Amino acid sequence: MDTDSALTETAAKRDAYGVLRVRAYRLFLIGHVVSVLGVQMQTVAVGWQLYEQTRSAWALGMVGLAQFAPMLGFSLIAGQVADRYDRRKVLMNATLLAVVAAFGLAIAATRGQLWMIYACLFLSGMARAFQGPARSALVPQLVPRHLFSNAVSWNVSVFELASLTGPALGGWLIALLGGAKWVYVLGGLGSVWYLAFLSAMTNKTSVAASTEENKATPNWQTILAGFAYLSKTKALFAAISLDMFAVLLGGAVALLPVYAKDILRVGPTGLGWLQAAPSLGAVTMALVTAHLPPFKQAGKTLLFAVAGFGLTTIVFGFSRHYWLSLVMLFLTGALDNISVVVRHVLVQVLTPDEMRGRVSAVNGMFINASNELGRFESGAVAALTTPMISVVGGGIGTLLVVLSIAMLSPELRNYGALDSEPKPK
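Here is what the cut-offs are and how they apply
Residues numbered from 1 in each chain as written. Predicted model: local features only at pLDDT ≥ 70, side-chain atom pairs only at ≥ 80, totals over all residues. Heavy atoms only, no water. Core = buried A, V, L, I, M, F, W, Y, C linked by side-chain atoms within 4.5 Å. Buried < 20%, exposed > 50% of the residue type's maximum accessible area, 1.4 Å probe, protein only. Contact = heavy atoms within 4.5 Å. Helix = DSSP H or I, 4+ residues; strand = E, 2+ residues; numbered from the N terminus. pLDDT = per-residue confidence, 0-100. 1 Å grid on protein atoms, 1.4 Å probe; cavity = no way out; pocket = protein on both sides within 12 Å on 5 of 7 lines; lining within 4 Å. Points joined across faces, edges and corners; volume = space filled by probe spheres on them. Nonpolar A, V, L, I, M, F, W, Y, C, P; charged D, E, K, R; others polar. Phe/Tyr/Trp six-rings, centres within 6.5 Å; stacked < 30°, edge-to-face > 60°. Expected span 1.5 Å × (residues − 1). Patch = residues over 30% accessible without salt bridge, like charges linked within 9 Å, V, L, I, M, F, W, Y side chains within 5 Å. Areas by Shrake-Rupley, 256 points an atom, 1.4 Å probe, with all protein chains shown as cover. Salt bridge = Lys/Arg side-chain N within 4 Å of Asp/Glu carboxyl O. Axes fitted to C-alpha atoms, helices over the stretch in contact; angles between N-to-C directions. Parallel < 35°, antiparallel > 145°, perpendicular 65-115°, else oblique. Left-handed = near helix turned anticlockwise from the far one by under 90°.

**Student:** Help me understand the nonpolar core, please; the structure alone is not making it clear to me.
**Tutor:** Across soluble globular proteins, nonpolar side chains show a tendency to be buried alongside one another. Counting residues in hydrophobic clusters, the biggest one holds 69 residues, and the most contacted among them are Y25, F28, L142, L236, L242 and L412. Leaving out residues up to four positions away in the same chain, L412 has contacts with A235, A238, A239, L242, G299, K300, L302, L303 and I405. Counting 43 residues, the second largest nonpolar core, distinct from the first, contains L105, M116, F316 and L329.

**Student:** It is not clear to me how the environment of N337 should be interpreted in this structure. Could you clarify?
**Tutor:** Structurally, N337 is set in helix α15 (residues 322-349). Separated by 177 residues in sequence, N337 and E160 have C-alpha atoms that sit 8.5 Å apart. When residues no more than four places from it in sequence are discounted, the contact partners of N337 are V156, E160, A282, M285, A286 and T289.

**Student:** I tried to follow the confidence of the model for the protein chain on my own but got confused; where do I start?
**Tutor:** Interpretation of this model should avoid reading the predicted coordinates in detail wherever pLDDT is low. The share of residues in the protein chain with pLDDT of 70 or more is 86%, and the mean pLDDT across the chain is 79. Per-element mean pLDDT across the protein chain ranges from 44 in helix α1 (residues 3-14) up to 90 in helix α4 (residues 87-111). Overall, residues 1-13 carries pLDDT values under 50, and its contacts beyond four positions in sequence, including any with other chains, amount to seven contacts.

**Student:** Sorry, what's going on with the environment of L350 here?
**Tutor:** Mapped onto the elements, L350 comes out in the loop between α15 and α16 (356-384). Classification of L350 as buried rests on a relative accessible area of 9%. For the pair L350 and L230, spaced 120 residues apart in sequence, the C-alpha separation works out to 9.8 Å.

**Student:** Sorry if this is basic, but what is going on with empty space enclosed by the protein here?
**Tutor:** The method is simple in principle: a probe with the dimensions of a water molecule rolls over the atoms, and the space it marks as empty is what remains. For the structure on display, the rule yields two cavities of 30 Å³ or more. A volume near 50 Å³ is recorded for the second largest cavity. Contributing to the lining of the second largest cavity are D243, A246, V247, A305, V306, F309, L335, D336 and S339. Among the secondary structure elements, those contributing two or more residues to the lining of the second largest cavity are α11 (234-249), α14 (298-318) and α15. When the residues that make up the lining of the second largest cavity are grouped by side-chain class, the tally is six nonpolar, one polar and two charged.

**Student:** Could you clarify how one ought to interpret the environment of L195 in this entry?
**Tutor:** Position of L195 relative to the elements: it lies in helix α7 (residues 181-199). Separated by 107 residues in the primary sequence, L195 and R88 have C-alpha atoms spaced 9.9 Å apart. The contact partners of L195, leaving out residues within four places of it in the chain, are M92, T95, L96 and V99.

**Student:** What is the right way to look at the packing of aromatic side chains in this model?
**Tutor:** Centre-to-centre distance and the angle between the planes together describe a pair of aromatic rings. Scanning the model with the defined rule gives six aromatic pairs in all. Through a chain of ring-to-ring contacts, the aromatic side chains of Y25, F28 and Y194 assemble into a single cluster.

**Student:** Sorry if this is basic, but what is going on with α7 here?
**Tutor:** Given 3.6 residues per turn, any residue in an α-helix points the same way as the ones three and four places further on. Spanning 19 residues, α7 covers 28 Å between terminal C-alpha atoms, matching the ideal 27 Å at 1.5 Å per step. If you check which residues of α7 are buried, you get V183, Y184, V185, G187, G188, G190, S191, Y194, L195, F197 and L198.

**Student:** I'm lost on a nonpolar patch on the surface in this one. Help?
**Tutor:** Together, L169, W172, L176, L177 and W182 make up a nonpolar patch on the protein surface, roughly 530 Å² of accessible area in all. A per-element tally of the nonpolar patch places helix α6 (residues 148-177) first, with four residues. We classify L177 as partly exposed; its relative accessible area is 44%.

**Student:** Would you mind going over the pattern of salt bridges with me for this structure?
**Tutor:** Opposite charge on two side chains makes pairing possible when the charged atoms of those side chains draw close. For the structure shown, the criterion picks out one salt bridge. Among the salt bridges present, the one from R87 reaches D83, with a minimum N-O distance of 2.8 Å. Overall, the relative accessible area of 0% leaves R87 in the buried class.

**Student:** For this particular structure, what's the right way to read α14?
**Tutor:** Taking 1.5 Å of rise per residue, the 21 residues of α14 would be expected to cover 30 Å, and the 31 Å separating its terminal C-alpha atoms lies within 8% of that figure. In terms of burial, α14 is largely enclosed, as 15 of its 21 residues are buried.

**Student:** What is the right way to look at the packing of α11 against helix α17 (residues 387-408) in this model?
**Tutor:** To describe two helices that pack against each other, one gives the angle between their axes and the distance between the axes. Two elements in contact, α11 and α17, have axes whose closest approach is 8 Å; the angle formed by their N-to-C orientations is 165 degrees. Classed by the angle they form, the pair α11 and α17 counts as roughly antiparallel. The interaxial crossing formed by α11 with α17 has right-handed handedness. Listed contacts from α17 to A238, S241, L242, F245, A246 and L249 of α11 are G394, G397, T398, V401, V402 and I405.

**Student:** What exactly am I supposed to notice about the packing of helix α2 (residues 23-54) against α4 here?
**Tutor:** It is at 12 Å that the axes of α2 and α4 come closest, and there the two elements cross at 30 degrees. Compared by their axis directions, α2 and α4 come out roughly parallel. The way α2 lies across α4 gives a crossing that is left-handed. Across the interface between the two elements, F28, Q42, V46 and Q49 from α2 touch L91, A102, L105, A108 and A109 from α4.

**Student:** Got a minute to help me understand the side chain of S124 in this structure?
**Tutor:** By secondary structure assignment, the location of S124 is in helix α5 (residues 114-142). Apart from residues lying up to four places away in sequence, S124 is in contact with Q42, Q67 and A101.

Written out as structure tokens, the structure is:
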């Protein structure tokens, strides 16, 4: 690369808004943020409706289990699909399934049938299983390589912005309308909006790089190739494992309806703000990191961020004061944002294009499925003991995971800048 090209690329990396001038990415981002807004409204509505109807922590835990099962069952297949077919069209079809699930929840809310709510959540989990690999593998095809870290920061920023406003808006609408039905309808319309913007990206190819493996008939070897690749990429495997166990154990969000109603006594509007607080922290951190160069010591940064997440989760678990709880949730979101950015960039930068769907599927299965399983674990432990024991115990478990990964993975501990290869000592 000549000097002028190097200077241009360096300047682009420091331009926080450079990636927003790419039309295809801009369309993707606008559609995605509205879709996430609807999903976040739907999440707070499901939690409130179920706890209002059942007063059971088990019912809240089953929300995670209903969405965990399809993620576990379909994620690997979804990764293979994303590497063999047009990723934009795969994403569109999965989003259409999300529309069906959202409108199904609206019908279930009218009828008050628990089995129908969980069935729609299963469909929603299936949609997310296929959306994740296709969406993650699509983004690097929409932007130049030197803008990719910037794209990840913006992805996380708008996701967290929607996650900030969605729960608060959802809680307000539940209180205003006296129920969850119309919140589900608006969530479905958000996915319809996403479909429209994905349809507008007609001039952009989104098929994976062609290889002999991609042309071959799918078999277990090709489907499990993502696992094989991760086992050889130790820093990436450690980063995904760290996030997986942190998400699994630090599932305080699943118990927010219990904290809002029985411990902090702040009602549905307070619940909306409690669920929005982590996203406010994440948006704040994402906007800061979007204006900064990639992390110089990404491995250590990741480890400290997850440790901080565990500590703030412990304080939240003990808190009986609304504002202290909001601050702790704000900090969990800010610290989690750092973890998400580092992990997402590592997954895409260290993975060749023809493998991105399958590696993203494994990543999604570990993180998203553990997120839903973590909800079940938190609800189950809370039902057997107390909500405080569930949340505080999860925070302590997160700290133990960080210590273990730091000791066992020098590849991650010594990883340098995000765009570089790990440099063991």
